Amino acid sequence: MKKFLRNLFSGYLLVILLLLLELIAFVVVQFFIDDIILAINNQINNEMVSLIVSLTYLGLRVVIFIVAFIIFFKIIAKQEDPEFKIPWIVGMLLFPFLCSILFLIFGNHGLNRRDKKLVKANIKAYEEYCKISPRRQERYQHELGKALGTVNYLANTTGLGPTKHNIVKYYKNGETFFPDLLEDLEKAKEFIFIEFFIITDGKEWDAVQDVLKRKAQEGVDIKIIYDDMGCGGTISSFTPKILGKYGIKCLKFHPFRPILSGVYNNRDHRKIVVIDHQMAYTGGINLADEYANEIIRFGYWKDTMVRIQGPGIDNLITVFLQNFSLASREVADYAKYLEYEYPWCEEPGFVFPFGDGPGGIDDALIGEQTYINILNYAQDEVFISTPYLVPTYSLLDALRNAALRGVKVHLILPGIPDKKLVYLVAKSNFRYLLDAGVNIYLYTPGFNHMKTVLADESLGLVGTINFDFRSLVHHFECASLLYQTPCLKDIKEDFLEMLEQSEKVPANFDLKWIQKRICALIKLISPML
């Protein structure tokens with residue numbers, strides 16, 4: 001009831017109603033316009049008026065045909081996986097008008113023209129601070145060994161680079177993460193950056209707000225971004241105005257408005273906290289009580305974060321400022337935050353925090369390809385935890401290929417799902433993976449929301465990127481690639497503990513016939529959304 005009332009008074013329900021009315025109008029034109037025109041002509045006694053209506057209708061049909069024809073060949077010419085093209089092509093042949101409208105709204109996986117222009121301006125602003133000297137690059141090539149390809153891919157697509165001499169702490173749940181976060185926020189003297197997909201009223205957010213308000217009064221520069229749809233009904237829509245009274249710059253990312261727009265697909269799914277140049281956090285945990293198991297939703301809520309101390313912080317500062325720039329419509333001041341000399345640290349290994357977005361920077365699916373690169377890196381054993389398993393075919397096939405090469409692939413999914421229909425679609429992929437020798441486990445204590453990967457105990461990733469189309473194609477995401485860092489031992493121990501608490505899916509698992517048909521229909525449209 002509380003969430004319903006908040007949505008009602010914040011206008012979200014009105015927005016959704018208007019969107020539904022727009023969609024109904026498109027459907028009516030697609031399926032019922034012929035009958036409507038015929039009925040109008042039957043009611044008109046004036047032949048001239050009837051002729052005008054008929055000619056107008058004919059002209060409309062010609063325009064629709066021309067637009068559909070152009071879009072059809074645009075789909076065919078697009079440089080992307082056929083997996084994304086086929087549903088659109090089939091839809092255009094069956095329902096040209098409706099699918100033309102939907103394609104114009106949702107068909108572009110990348111950023112709109114205005115955002116692309118702003119992204120390019122930001123890249124130009126920060127690239128001089130992120131460049132790695134040729135001498136350091138040559139040294140890194142030797143030290144990275146067979147992980148070089150994965151790191152080079154990220155460097156070439158994100159414009160960022162790997163960093164050394166960091167201290168990385170791994171958090172295996174929200175109960176250990178939130179106390180450290182609050183303690184570190186208290187230490188802030190210069191600036192605090194916060195970016196989350198979901199912020200929910202409750203114990204954890206109240207505690208964070210209290211610290212932020214005090215710090216703002218002490219003169220600390222505080223910037224916050226939160227996703228407007230992710231926080232729909234979880235916090236007041238007046239939050240930016242309320243926090244603004246304390247001098248906190250708080251922005252909604254891609255505000256939800258009553259027009260059908262592809263921007264609704266491009267959500268800010270990132271989770272980032274940066275405190276001065278002293279520490280930065282990223283991972284899968286949102287600012288909500290269920291992530292700390294203060295409230296119970298879908299059993300025990302399992303998720304992970306990492307805290308980085310050292311030059312890797314600059315990457316997360318850059319990733320944060322990119323989206324803050326998109327939200328504020330201004331190029332960020334990178335010089336103010338990236339000209340900092342970090343103290344020397346003897347801890348070994350490389351840390352590479354990075355961001356991904358709709359279309360990426362080079363129209364690359366950076367998250368998807370990074371997962372594939374990690375799977376290709378593995379020679380012995382790989383652990384993967386993801387809450388959803390509705391991936392692109394390329395990623396699904398990479399999981400199979402790893403197992404067929406002889407790699408022990410351990411894939412952990414929730415024992416208690418948050419979305420039952422999506423969970424059913426995930427199960428429809430089990431047979432394909434089990435046949436290749438992939439070991440699939442269901443985390444019986446509850447819902448594991450963690451997006452963490454570990455290959456051969458030497459290359460890992462902790463971040464926000466799910467194994468589903470929304471994360472891999474549409475959302476703004478972030479993660480940290482870890483190579484030979486001491487915290488990888490903690491990640492391995494966490495995975496082994498999870499396996500002990502999980503139920504292994506039998507090799508003969510299969511869905512019922514009707515379930516397969518339902519999943520096939522959902523899979524048909526999933527690349528379009």
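Definitions and cut-offs
Residues numbered from 1 in each chain as written. Predicted model: local features only at pLDDT ≥ 70, side-chain atom pairs only at ≥ 80, totals over all residues. Heavy atoms only, no water. Helix = DSSP H or I, 4+ residues; strand = E, 2+ residues; numbered from the N terminus. Expected span 1.5 Å × (residues − 1). Pairing = 2+ DSSP bridges. Contact = heavy atoms within 4.5 Å. Axes fitted to C-alpha atoms, helices over the stretch in contact; angles between N-to-C directions. Polar contact = N/O pair within 3.5 Å; in protein donor to acceptor, adjacent residues only side chain to side chain. Patch = residues over 30% accessible without salt bridge, like charges linked within 9 Å, V, L, I, M, F, W, Y side chains within 5 Å. Areas by Shrake-Rupley, 256 points an atom, 1.4 Å probe, with all protein chains shown as cover. Salt bridge = Lys/Arg side-chain N within 4 Å of Asp/Glu carboxyl O. Buried < 20%, exposed > 50% of the residue type's maximum accessible area, 1.4 Å probe, protein only. Phe/Tyr/Trp six-rings, centres within 6.5 Å; stacked < 30°, edge-to-face > 60°. Right-handed = clockwise from strand over helix to strand, strands pointing away.

1. Let's talk about helix α12 (residues 312–328)
For step 1, the next point in the chain: Taking 1.5 Å of rise per residue, the 17 residues of α12 would be expected to cover 24 Å, and the 25 Å separating its terminal C-alpha atoms lies within 8% of that figure.
For step 2, the next point in the chain: Taken from the residues just after α12, Arg-329 is the one with a positive phi, measuring 65°.

2. Some remarks on the sheet that holds strand β19 (residues 477–483)
For step 1, the next point in the chain: Taken in spatial order, the nine strands line up as β1-β10-β19-β17-β16-β11-β13-β14-β20 in an open sheet, and their pairing is mixed. Each end of this open sheet is capped by a strand with a single partner; those strands are β1 (163–164) and β20 (502–504).
For step 2, the next point in the chain: Looking at chain direction, strand β10 (residues 350–356) and β19 are connected through seven bridges and run antiparallel. Within β19, the position partnered with Phe-352 by the bridge is Leu-481.
For step 3, the next point in the chain: Set on the sheet, helix α7 (residues 134–144) makes contact with β1, β10 and β19; between it and β10 the angle comes to about 105°.

3. A short note on the environment of Arg-61
For step 1, the next point in the chain: Examined against the element boundaries, Arg-61 turns out to sit in helix α3 (residues 47–77).
For step 2, the next point in the chain: Residues Arg-61 and Phe-97 lie 36 residues apart in sequence; the distance between their C-alpha atoms is 9.0 Å.

4. Remarks on helix α9 (residues 174–185)
For step 1, the next point in the chain: With 12 residues, α9 ought to run about 16 Å at 1.5 Å a step, and its terminal C-alpha atoms sit 16 Å apart, in line with that.
For step 2, the next point in the chain: Looking at the buried positions of α9, the neighbouring elements they touch are β2 (167–171), β3 (191–196), α10 (203–217), β6 (272–275), β7 (279–283) and β9 (305–309).
For step 3, the next point in the chain: Measuring from the side-chain oxygen of the N-cap residue of α9 to the backbone nitrogen of Glu-175 gives 3.3 Å; that N-cap residue is Asn-173.

5. Description of a nonpolar patch on the surface
For step 1, the next point in the chain: There is a patch of nonpolar side chains on the surface, built from Leu-55, Leu-58, Val-62, Phe-65, Ile-66, Phe-69, Ile-70, Phe-73 and Ile-76 and spanning about 900 Å² of accessible area.
For step 2, the next point in the chain: What makes Phe-65 exposed here is its relative accessible area of 57%.

6. A short note on the sheet that holds β2
For step 1, the next point in the chain: Within the open sheet, the seven strands sit side by side as β2-β9-β7-β6-β3-β4-β5. Their pairing is mixed. What marks the edges here is a single partner per strand, and that holds for β2 and β5 (249–253). Strand-to-strand twist of the sheet, defined as the mean angle between neighbouring strand axes without regard to direction, takes the value 10°.
For step 2, the next point in the chain: As defined by bridge partners, β7 adjoins β9 across four bridges and the pair is classed as antiparallel. Across the sheet, the residue bridging to Tyr-281 is Arg-307, located in β9.
For step 3, the next point in the chain: Running over the sheet, α12 touches β3, β4 (221–227), β5, β6, β7 and β9 and is turned about 70° from β5.

7. Notes on the side chain of Thr-200
For step 1, the next point in the chain: Locating Thr-200 in the fold gives a position in the loop between β3 and α10.
For step 2, the next point in the chain: On the accessibility criterion, Thr-200 (18% relative accessible area) is buried.
For step 3, the next point in the chain: With residues up to four places along the chain from it excluded, the contact list for Thr-200 reads Trp-205, Thr-234, Ile-235, Leu-287 and Ala-288.

8. Brief notes about the packing of aromatic side chains
For step 1, the next point in the chain: Tallied over the entire structure, the rule returns 23 aromatic pairs.
For step 2, the next point in the chain: For the ring pair Phe-298 and Trp-301, a centre distance of 6.3 Å and an interplane angle of 50° mean the geometry is tilted.
For step 3, the next point in the chain: When the ring of Tyr-340 is compared with that of Tyr-342, the centres are 4.8 Å apart and the planes differ by 75°; the resulting orientation is edge-to-face.
For step 4, the next point in the chain: Take Tyr-340: its relative accessible area is 29%, and that puts it in the partly exposed class.
For step 5, the next point in the chain: Residue class for Tyr-342 comes out buried when judged on its relative accessible area of 15%.

9. Some details on the pairing of β4
For step 1, the next point in the chain: Across the seven residues that make up β4, a large majority, seven, are buried.
For step 2, the next point in the chain: Covered by surrounding structure in β4 are Asp-221, Lys-223, Ile-225 and Asp-227 together with Ile-222, Ile-224 and Tyr-226, the residues of both alternating faces.
For step 3, the next point in the chain: Alignment of β3 against β4, held across six bridges, turns out to be parallel. When the sheet's bridge partners are listed, Ile-192 is paired in β4 with Ile-222.
For step 4, the next point in the chain: With α10 bridging β3 and the parallel β4, this β-α-β connection has right-handed handedness.
For step 5, the next point in the chain: Sheet analysis places β4 next to β5, joined by five bridges and oriented parallel. If you follow Ile-225 over to β5, its bridge partner there is Leu-251.

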